[in-house]
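# Remarks on the overall topology
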Amino acid sequence: MPPSASSSPVTTGNEDCPCIDAVQALSSLEKRSCQTYSGESGILLTPELASCVPLYYGSNFCLQHDLLFSPVCQDLDETKTYCLRRWCYVDLDSCKTNSSDRIYRSDYFGSSSGLIFEDSGGIDLYYSYTTCNSTGADWEKYKKEQLPADKVLGAVSLVSLATNVMPFGFKRGPTGDILNSTSPEYKNDSVPYEGVYIDYINELIGISNGDILMINYTHKSNAASVMNPTSTGTATVQDVADGLVNLAVGPYWITGERLKMTAFTVPLIYDKTVLVIPKPGSKISLIDQTAKVLQPFKPGLWALVVLIILLSALLSVWFSDEEKLMRSSGKTLRSPRTNKRRVRVYAKLALNSILQKGMFFFGASVEQEEGASLSNKLLMFGFGFFILIAVSAYVANLAAFLTRPVTSYVGTMQGVVDAGLAVCAHPALKMELELKWPSARFVFSDSDKEFYGVLHNYDAGNCAAMAIGREDTTTDGDLLEMFCERNLVYTDSLVLENPIGFPINPQLVSGFSYWILEGEKYHGISVQNSKRQYLPHVSCDVEFVGQEEDLGEYAQISPVNMILPIMTFLVCALTAIVLHIFRKKKVRRASTEALRSFPRAVKSRLPSCRVEEIPKDGAPTVQVSKRCSFMAPNNEFIPVSYEEQVESLILDADEA
């Protein structure tokens, strides 16, 4: 049994989480075997020879294993208080299931050590302080304060791909010219990279205190481009997934498709894909300006206004005293020959009434006819209330629309979808875009020209707008100049927001992400800061700032907003129709009884009628007609229906 460093009783841990014997497991790591200073067989905890400990290090008993066996703890100081703590290796499953003791995974063995040792042995060891009635707080504090540069990544040198998008990553030729990514000089790895992300990585290396020793850059493989012909970014991720490089440096979208291939660091930035459209201009045509007059109301409400005017006019003709209409029109309402109602006469009366009710509406008033029936008065009451509300709402809304600038453009993604317009987009975002906008018509580039391929599709007339990522394009001077030539502008309509990170070997992702967060939080290192010196000068303004409009100020009035006056009119109209029908039936039913009680002077006004046979269009059959007329005050015989004259006499008698 190994010696004890104190007089405290030696234990084997708590009953539910006992210490285990790890000698056999450590003995299997032959490539890490060593001899301790005392000549015992041991194992290296780290690549340094000074880290050799006996094979029974951490096994069987709760001891001060670090104080007894670790060379690091032979020179104690105030930072190494963890050396005095008791601990031992334990069984993971037993402790998780049966006890509440805290357990840790050893950083020295298993997959955690894969970046340090070529042979990790495929074993994982777990240890606990609390099973020995001790604490691991001192060890955690020591790791955090003393070992960030030594244990996060382990002083690694990495091989990386670099983006070939200006100004994020590029190479210069002997004359200082920017090299084309297809040129032989570009594929010469001895030619250094420059750019936004290269500067950013250099700053991270500077603060890592040797944890990241260096990064050697190379170019992507031809095979990756063949496998992913529509996106150089996805092709780069392919090389990382295939293990050709440790990571790729550049603005790479973190998408579902790419996460299936390899891991990514924490997001460096969030790229906003926005709508790019032709720059709108004001329209001053006569048609556009005159159309403003109709804009306060929605088309559906205008149609309803016309319908109410027509309904009011036709009901007014029906409700009016036919005798007065006959006198005012100067014509008989029935044919002298057939005693049928004249269509032309009634059509003229209807037209006059429609024009009258239209003038009532436009004049915002109602003129009540003298002696009008109760039905007509009730109808005009509902019509007048509708006019009051409708005209007031129209006038209140009109001024805003008359002074509103007239432009013709669709500046939002939702507007593009509603209009059924096609949108050119990057193929790497196909899955995300179609998921967020399932009803949109996207056109994806089939080339590896990135956003230049998207612009090519737009030039070919395949779409009316583009979905462009700002992060990749707002620093690309050549692309922005192409926007200027085509009078294209960025809108603030967000199509998609995607995180950007580095595709990286899964074993490196945690450590590299640590330095990304450390750099931003404590040193002000970020991609945005690195971009500032690369911002291009552009000959035009590619940002479209649409006029800020108060949507409430330009809200059109719909039938829903007019529900009260519409319902009031309908109730009045229906009530008037019922009253008029009831009145007509009452008059017809009472006509016979009323005639018996009429004075002789009144009866003398009854029409004289005769029955005669009239040939019908020269046919052998005949039509029997009851033709009636009465003597007017001017001794003129006027044809009239018997029922109409009787109804008139009854009304006159009622009034008398």
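It should be emphasised that the depicted structure is a prediction, and the values quoted were computed from it without experimental measurement.

### Focus on the overall build of the protein
Counting its regular elements, the protein contains 24 helices and 22 strands. The buried share of the protein, reckoned over its 656 residues, is 44%. Within the protein, contacts between residues separated by at least 24 positions form 69% of all contacts whose residues are at least 6 apart in sequence. Of the roughly 35100 Å² that the protein leaves accessible, carbon and sulfur atoms contribute 55%.

### Some words on the packing of aromatic side chains
Each aromatic ring pair is specified by the distance between its two centres and by the angle formed by the two planes. Throughout the structure, instances matching the rule amount to 27 aromatic pairs. An angle of 75° between the planes, with centres 5.5 Å apart, marks the rings of Phe-168 and Tyr-197 as edge-to-face. On the criterion of sequence distance, the pair formed by Phe-168 in the loop between strand S9 (156-162) and helix H6 (196-207) and Tyr-197 in helix H6 is long-range, its members being 29 residues apart. Of the two residues, Phe-168 and Tyr-197, neither departs from the other in class, the shared state being buried. In this structure an aromatic cluster arises from ring pairing among Tyr-57, Trp-87, Tyr-89, Tyr-104, Tyr-127 and Tyr-129. Lys-171 extends its terminal NZ or CZ atom over the ring of Tyr-186, reaching a point 5.3 Å from the ring centre. Taking NZ or CZ as reference, Arg-470 lies 4.9 Å from the ring centre of Tyr-490, over its face.

### Things to note about H6
Spanning twelve residues, H6 covers 17 Å between terminal C-alpha atoms, matching the ideal 16 Å at 1.5 Å per step. Among all positions of H6, only Val-196, Tyr-197, Ile-198, Tyr-200, Ile-201, Leu-204 and Ile-207 are buried. One or two steps after H6, the chain reaches Asn-209, where phi turns positive at roughly 55°.

### Focus on the pairing of strand S4 (residues 41-44)
With three bridges connecting them, strand S3 (residues 33-35) and S4 associate as antiparallel partners. Bridging from a neighbouring strand, Gln-35 pairs with Ser-41 of S4. The antiparallel pairing of S3 with S4 creates a hairpin that spans five residues between the two strands, and Gly-39 there sits at a positive phi of about 85°. As judged from the three bridges shared by S4 and strand S5 (residues 52-54), these two strands associate in the antiparallel manner. When the bridges of S5 are listed, Leu-44 appears paired with Cys-52.

### Comments concerning the confidence of the model for the protein
This prediction gives the protein a mean pLDDT of 80; 78% of its residues lie at or above 70. Contacts of residues 547-551 to residues separated by more than four positions or lying in other chains number three contacts, the stretch itself having pLDDT below 50. The low-confidence segment residues 634-644, where pLDDT is below 50, has 30 contacts with residues more than four positions distant or belonging to other chains.

### Some details on the sheet that holds strand S12 (residues 252-253)
Taken together, six strands build an open sheet; the order of strands is S12-S18-S14-S17-S15-S16 and the sheet is mixed. Each having just a single partner strand, S12 and strand S16 (441-444) make up the two edges of the open sheet.

### Concerning helix H20 (residues 509-523)
With 15 residues, H20 should reach 21 Å at 1.5 Å per residue; the first-to-last C-alpha distance of 20 Å fits that figure. Those residues of H20 not exposed but buried are Val-509, Gly-511, Phe-512, Ser-513, Trp-515, Ile-516 and Gly-519. Just downstream of H20 lies Gly-524, where phi reads positive at about 65°.

### Brief notes about the pairing of strand S15 (residues 422-425)
Along a regular strand, successive side chains alternate from one face of the sheet to the other. Side chains Ala-422 and Cys-424 of S15 all project onto a buried face; the interleaved residues Val-423 and Ala-425 project onto the opposite face, where all are buried too. Two strands pair when backbone bridges link them, and S15 and S16 are joined in this way by four bridges, in the parallel orientation. For Ala-422, the partnering residue across the bridge sits in S16 and is Arg-441. Taking the sense of rotation as the criterion, the β-α-β connection linking S15, helix H16 (residues 430-436) and S16 turns out right-handed. One ladder, built from two bridges, connects S15 with strand S17 (residues 465-469); its direction is parallel. Looking across to S17, one finds that Val-423 is bridged to Ala-465.

### Here we look at the environment of Val-395
When you line up the elements, Val-395 lands in helix H14 (residues 374-402). Under the relative-accessibility criterion, Val-395 is labelled exposed at 52%. Between the C-alpha atom of Val-395 and that of Pro-296, which follows or precedes it by 99 residues, the distance is 8.5 Å.

About the cut-offs
- Residues numbered from 1 in each chain as written.
- Predicted model: local features only at pLDDT ≥ 70, side-chain atom pairs only at ≥ 80, totals over all residues.
- Heavy atoms only, no water.
- Helix = DSSP H or I, 4+ residues; strand = E, 2+ residues; numbered from the N terminus.
- Buried < 20%, exposed > 50% of the residue type's maximum accessible area, 1.4 Å probe, protein only.
- Contact = heavy atoms within 4.5 Å.
- Areas by Shrake-Rupley, 256 points an atom, 1.4 Å probe, with all protein chains shown as cover.
- Phe/Tyr/Trp six-rings, centres within 6.5 Å; stacked < 30°, edge-to-face > 60°.
- Lys NZ or Arg CZ within 6 Å of the ring centre and 35° of its normal.
- Expected span 1.5 Å × (residues − 1).
- Pairing = 2+ DSSP bridges.
- pLDDT = per-residue confidence, 0-100.
- Right-handed = clockwise from strand over helix to strand, strands pointing away.

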